[in-house]
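As a plain string of letters, each chain reads:
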Amino acid sequence: MSWFGFGFNGFGQISRADVNGQVKCKVKSPVLISGDECESGVNRSDCRIRACWSSRADLQQTSGSGVCLSGCVCASSAQVCESQGCTDALISETHLTLSFTDRVELWEIKRPQNQLVWKKEHELSEHTAALPLVSGGFVQHKPPFFRPLKLCAVSLALGSEHALLLTADGTLYSWGSGSHGQLGHGALTSLEDPQAVEALWGVPIRAVAAGNWHSAAISFGGDLYMWGWNESGQLGLPSRGLEEEKHRRSRSGNGDQPINTDEKSQTDVFISIQAFPALLDIANMSEISRISCGSRHTAAVTSSGDLYTWGWGQYGQLGHGTEYSTDEPTPVDYFSSRRLSVKDVVCGSWNTFVSVVPKKNILCPDINTPGFIKLLTNIYTIQHTG
């Protein structure tokens, strides 16, 4: 398995500085994340990536496992000594959460040495869910660092001001700020306590994701539901702002195709805020298997291994080779054209990270074939320098 990244790279969290010490701020097409950036490497089947606005955390899960940080939090990629033996991790601009088999630790990222600010011990049987869930509640990267939960959760997604909680029977709860409809209750009011999203009653949900002000959920049937703020088209619903942007590009000669302004204005219904979950109907897309939300963009992986992205694209975080935003879920052709199957996607605030394996066929070697990663790296280099 190999990892690629694209989007905001202002701190070198996707690719390092060149020989002249210059960092490319916008990475508009996927780039292979080099395995030599950290001593543990990221071109391994047991690697997972976590991301925030300015940094990336690579988590290895074998013996001697740990976390390697890249980006603003460190001048160069470096192993976090406190992370040896951890099984899960989360990163923010100021804190790093590490989960171990017997405890969870929250560290404030500081130079020259990180500072432990919160710790909770637990029995092996008490905690099996992924962070930010911990035994008895969840951890967040601002005081109070621990919040108790009365519900038995299997998954929790935290936006900038709201939370989505999923229970074992597929019921979805939300709470926090509702100013942009991100709670899915049909109103713009806020909630102090978790409340079931009634619009999804009877629809068992198996995965959730939260952006800054938008939300996403995948049903057990592979359907995708979106709600919240749609200013940049991050819900995959028609956005007036993006339509106006297309018109401006068309008038200036930068648009791909001319647009009939009168016809569009008469027929299109634009959505700024979607306060109820909306089923996203995407032509030619198979069932959704993975979903992740950035600040104002969304990325989804299908059961056939294709990646779709939509929303805000100013830093290339959609992976389409441009800085354009779009309200239409669009396939990232980079991977399918290279016979690569996408397995997972993780969005930072302004960037996107994707894990891939080769699509299995006679002409494509297995990922475990000796020298495959070197071969993949050489192919990537030739395509981008030739």
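Some remarks on the overall build of the chain
And step 1. Along the chain, the regular secondary structure elements total four helices and 27 strands.
And step 2. Expressed as a percentage of its 386 residues, the buried residues of the chain come to 52%.
And step 3. Residue pairs in contact within the chain that sit at least 24 positions apart in sequence constitute 47% of those at least 6 positions apart.
And step 4. Total accessible area computed for the chain in this model is approximately 17,900 Å², and 50% of it derives from carbon and sulfur atoms.

Some remarks on the nonpolar core
And step 1. Core analysis: the biggest nonpolar cluster contains 27 residues, and W3, L307, F335 and V354 have the highest contact counts within it.
And step 2. Put simply, the parts of the chain that give this core at least two residues each are β1 (2–8), β2 (26–32), β3 (47–51), β23 (297–302), α3 (333–336), β26 (340–347) and β27 (351–358).
And step 3. Of all the elements, β26 adds the most residues to this core, at five residues.
And step 4. When near neighbours in sequence (up to four residues on either side) are disregarded, V354 contacts S2, W3, F4, F6, L307, F335, V342, D344 and V345.
And step 5. The next biggest cluster of nonpolar side chains, apart from the first, holds 18 residues, and it includes M226, A278, I291 and A300.

Digging into the pattern of salt bridges
And step 1. Scanning the model with the defined rule gives twelve salt bridges in all.
And step 2. With a shortest N-O distance of 2.7 Å, E105 and R103 are connected by a salt bridge.
And step 3. A salt bridge links E245 to R249, with the nearest nitrogen and oxygen atoms 3.0 Å apart. In this pair, E245 and R249 are both assigned in helix α1 (residues 240–252), four residues apart and thus about one turn of the helix distant.
And step 4. Classification of E245 by relative accessible area gives partly exposed; the value is 23%.

Thresholds applied
Residues numbered from 1 in each chain as written. Predicted model: local features only at pLDDT ≥ 70, side-chain atom pairs only at ≥ 80, totals over all residues. Heavy atoms only, no water. Helix = DSSP H or I, 4+ residues; strand = E, 2+ residues; numbered from the N terminus. Buried < 20%, exposed > 50% of the residue type's maximum accessible area, 1.4 Å probe, protein only. Contact = heavy atoms within 4.5 Å. Areas by Shrake-Rupley, 256 points an atom, 1.4 Å probe, with all protein chains shown as cover. Core = buried A, V, L, I, M, F, W, Y, C linked by side-chain atoms within 4.5 Å. Salt bridge = Lys/Arg side-chain N within 4 Å of Asp/Glu carboxyl O.

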